[in-house]
Amino acid sequence: MESVALTPTTDVSPARILETGMGFFATKTLLAAIKLNLFTELDGHSLPAEEVITRLALHRRSALDFLDALVSLGFLRREGNDRSARYANTRETYAFLRKNSPDYIGGILEMANDRLYPFWGTLEEALHTGRPQNEVKSSGRPFFEALYADPARLQQFLEAMAGLQLANFRALSEVFDFSPYRTLCDIGGANGMLSITLAGKHPHLRCQSLDLPEVEPIARQTIEKHGLTDRVRTGRLNFMDQDFPTADLITMGNILHDWDLPQKRMLIDKAYRALSPDGALIVIENIIDDERRANAFGLMMSLNMLIETEGGFDYSHEDFHNWATEAGFRTTAKVPLTGPASAVIAFK
Ligand SMILES: C[S@@+](CC[C@H](N)C(=O)[O-])C[C@H]1O[C@@H](n2cnc3c(N)ncnc32)[C@H](O)[C@@H]1O
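Every value quoted in this text rests on a predicted model; they were computed, and no experiment measured them. (Residues numbered from 1 in each chain as written. Predicted model: local features only at pLDDT ≥ 70, side-chain atom pairs only at ≥ 80, totals over all residues. Heavy atoms only, no water.)

A closer look at the overall build of the protein chain
Turning to step 1, where the next piece is worked out: Across its full length, the protein chain holds 16 helices and ten strands.
Turning to step 2, where the next piece is worked out: Since a compact globule built from 348 residues should have a radius of gyration of about 20 Å, the 22 Å found for the protein chain is in line with a globular shape.
Turning to step 3, where the next piece is worked out: Considering only C-alpha atoms, the protein chain reaches an extent of 65 × 60 × 40 Å along its principal axes.
Turning to step 4, where the next piece is worked out: Each of the 348 residues in the protein chain was classed as buried or not, and the buried ones make up 48%.
Turning to step 5, where the next piece is worked out: When contacts within the protein chain are restricted to residue pairs at least 6 apart in sequence, those whose partners lie at least 24 apart make up 66%. (Helix = DSSP H or I, 4+ residues; strand = E, 2+ residues; numbered from the N terminus. Rg over C-alpha atoms; globule rule 2.2 N^0.38 Å. Buried < 20%, exposed > 50% of the residue type's maximum accessible area, 1.4 Å probe, protein only. Contact = heavy atoms within 4.5 Å.)

In C-alpha cells:
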C-alpha cells in the first residue's frame, strides 16, 4: 500500500468541501421552488412579493428568504426590495422550468424531489449492503414493477426521463449522420421522445419506440400529439424475454446502466443479432471517462443506479467497446452530447 504524506498548509481552503457538503441547501431550495410551481406561476410576468406569497400559499416567516435565496442562486430576478419587491423568471427558468414550456425539464427534478432526494438519504446503507434504497426496499418487487404499480409514479418517471434526455436527443439528431439508415428501433423508448426527435429532424427515418405494456399507450399519445404517427410506431416489448425486431439502427437511452453485466451483454447481443448488416447500435448515457476521474456526474449516476436498481451501474467507452466487440461489432465510437452525456455507437 502506498502512503502519501500530506502536510497541512495555509494555502488550501475548506470552501469547496463546505460548498459540496452543504450543497443540499441549494438542491432542496430549487426542488421546492419547482414542486411549488413557482416558475410556472411567474410565467412571463414580474409579480409583487405579496402575490407570489399568496399564489404559493407560503408562510410569511421565510417567504422572502426563500425567494431571495433563489435570486442569489441565479434562478429568479428581483426588482426592488423587501415587500415592495417584484420577482420574475430568469431566461433559463423561463425556458426550462415553466410547465407550459415545450423545453420543460422539471420532470426529472420533480422526481428528484419526490423520490431520489429521500432515497439518497440512506446512501451509506446502500454502500454497505449493495441493495437498492427505493420502492424495491419496501415492496421487495423488481424496480420497474414496483415503480409502475402506481400510474401517477409511472407518468412522473416517464416525464423525468424525457426531461433528462431531451437535449441529448436533439444533440444526437444534429451530430450523427442518419442518411445511410432507413429504420430505427428504440429499445425501452419510454414516452417516445427519442423517436419523435429523430423522425422530426430526419424525414426519411421510420422509427419504432418499444417498451413495456404499461408504457406503450403513453408513448402512443405523445407521438399523436407531435403528429408523427405516420413515421413513428409504438410496440410492446419485454427486452428480457423477447428478441428485437430487425432495424438499421437500434437505440438505447439510459437502458444499459439499469442492468448488471450479464444483462448488459444480453441486450448488446440481441441488438447485434437484430441489426441489418451495416447497422449500428447507439447508446445514450452519462458515459464515464476511461480514466474514471473527470465525469463526476456519470460516476454519481452509477451511485444512483445503486440506489435505484438491483445490479445496474454506469460504465466507460472502453467498457462498452469491449462488450460490443465481444458481441461481434466491428468497432465503436464516442460522440459527446450535452454536459456529461455522450453517445457510444457500435458499428456492425
Ligand atoms: C431509465 S428509462 C430510459 C427511458 C428512455 N430510453 C430515455 O432515454 O430516457 C428505462 C426504460 O426501460 C424500460 N424498461 C424497463 N424494463 C424493460 C423491459 N424488460 N422491457 C422493455 N422495456 C423496459 C422502462 O419502462 C423505461 O422506459
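A few points about the site of the ligand
Turning to step 1, where the next piece is worked out: Y148, G188, D211, N238 and G253 are the nearest of the 20 residues found near the ligand.
Turning to step 2, where the next piece is worked out: Within the contact set of the ligand, a nitrogen atom lies 2.7 Å away from a backbone nitrogen or oxygen of G188.
Turning to step 3, where the next piece is worked out: A distance of 2.9 Å is found between a nitrogen atom of the ligand and a backbone nitrogen or oxygen belonging to F239.
Turning to step 4, where the next piece is worked out: Elements supplying a minimum of two residues to the shell around the ligand: α10 (143-148) and α11 (151-175).
Turning to step 5, where the next piece is worked out: Here the shell around the ligand takes four residues from α11, the largest share from any one element.
Turning to step 6, where the next piece is worked out: A per-class count over the shell around the ligand returns 13 nonpolar, five polar and two charged. (Near = heavy atom within 4 Å. Polar contact = N/O pair within 3.5 Å; in protein donor to acceptor, adjacent residues only side chain to side chain. Nonpolar A, V, L, I, M, F, W, Y, C, P; charged D, E, K, R; others polar.)

Focus on the sheet that holds strand β4 (residues 183-187)
Turning to step 1, where the next piece is worked out: Strands sit in the order β6-β5-β4-β7-β8-β10-β9 across an open sheet of seven strands; the sheet is mixed. Of all the strands in the sheet, the pair left with one neighbour each is β6 (232-236) and β9 (331-336). In this sheet, neighbouring strand axes are inclined to one another by 20° on average, regardless of whether the strands run parallel or antiparallel.
Turning to step 2, where the next piece is worked out: Relative to strand β8 (residues 275-285), α11 is tilted by about 140°, and along the sheet it contacts β7 (247-253), β8, β9 and β10 (342-347).
Turning to step 3, where the next piece is worked out: Together, β7 and β8 form the strand contacts of helix α14 (residues 261-274), whose direction differs from that of β8 by roughly 145°. (Pairing = 2+ DSSP bridges. Axes fitted to C-alpha atoms, helices over the stretch in contact; angles between N-to-C directions.)

Some remarks on the layout of surface pockets
Turning to step 1, where the next piece is worked out: Considered as a void within the structure, the second largest pocket measures approximately 650 Å³ in volume.
Turning to step 2, where the next piece is worked out: Around the second largest pocket, the lining is made up of 28 residues, and of these A162, N191, M193, K225 and H226 lie nearest the centre.
Turning to step 3, where the next piece is worked out: Looking at the lining of the second largest pocket, the elements that each hand over two or more residues are α7 (106-120), α11, α12 (193-201) and α13 (216-225).
Turning to step 4, where the next piece is worked out: Among the elements that make up the lining of the second largest pocket, the one with the highest residue count is α11 (nine residues).
Turning to step 5, where the next piece is worked out: Of the residues belonging to the lining of the second largest pocket, the class tally is nine nonpolar, twelve polar and seven charged. (1 Å grid on protein atoms, 1.4 Å probe; cavity = no way out; pocket = protein on both sides within 12 Å on 5 of 7 lines; lining within 4 Å. Points joined across faces, edges and corners; volume = space filled by probe spheres on them.)

Let's talk about a nonpolar patch on the surface
Turning to step 1, where the next piece is worked out: On the surface, M22, F24, F25 and Y117 cluster together to form a nonpolar patch covering roughly 400 Å² of accessible area.
Turning to step 2, where the next piece is worked out: By the secondary structure assignment, M22 is in the loop between α1 (15-21) and α2 (23-35).
Turning to step 3, where the next piece is worked out: Given the relative accessible area of 40%, M22 is considered partly exposed. (Patch = residues over 30% accessible without salt bridge, like charges linked within 9 Å, V, L, I, M, F, W, Y side chains within 5 Å. Areas by Shrake-Rupley, 256 points an atom, 1.4 Å probe, with all protein chains shown as cover. Salt bridge = Lys/Arg side-chain N within 4 Å of Asp/Glu carboxyl O.)

Some points on the sheet that holds strand β2 (residues 76-79)
Turning to step 1, where the next piece is worked out: Read across the sheet, three strands follow the order β1-β3-β2 without closing on themselves; strand pairing throughout is antiparallel. What marks the edges here is a single partner per strand, and that holds for β1 (46-48) and β2. Geometrically, the sheet is characterised by an average inter-axis angle of 30° between neighbouring strands, direction not taken into account.
Turning to step 2, where the next piece is worked out: Where β1 and strand β3 (residues 86-89) come together, three bridges link them in antiparallel fashion. Looking across to β3, one finds that S46 is bridged to A88.
Turning to step 3, where the next piece is worked out: Contacts from helix α4 (residues 49-56) reach β1 and β3 within the one sheet, and its direction differs from that of β1 by about 85°.
Turning to step 4, where the next piece is worked out: Contacting β2 and β3, helix α5 (residues 60-73) crosses the sheet at an angle of about 110° to β2.

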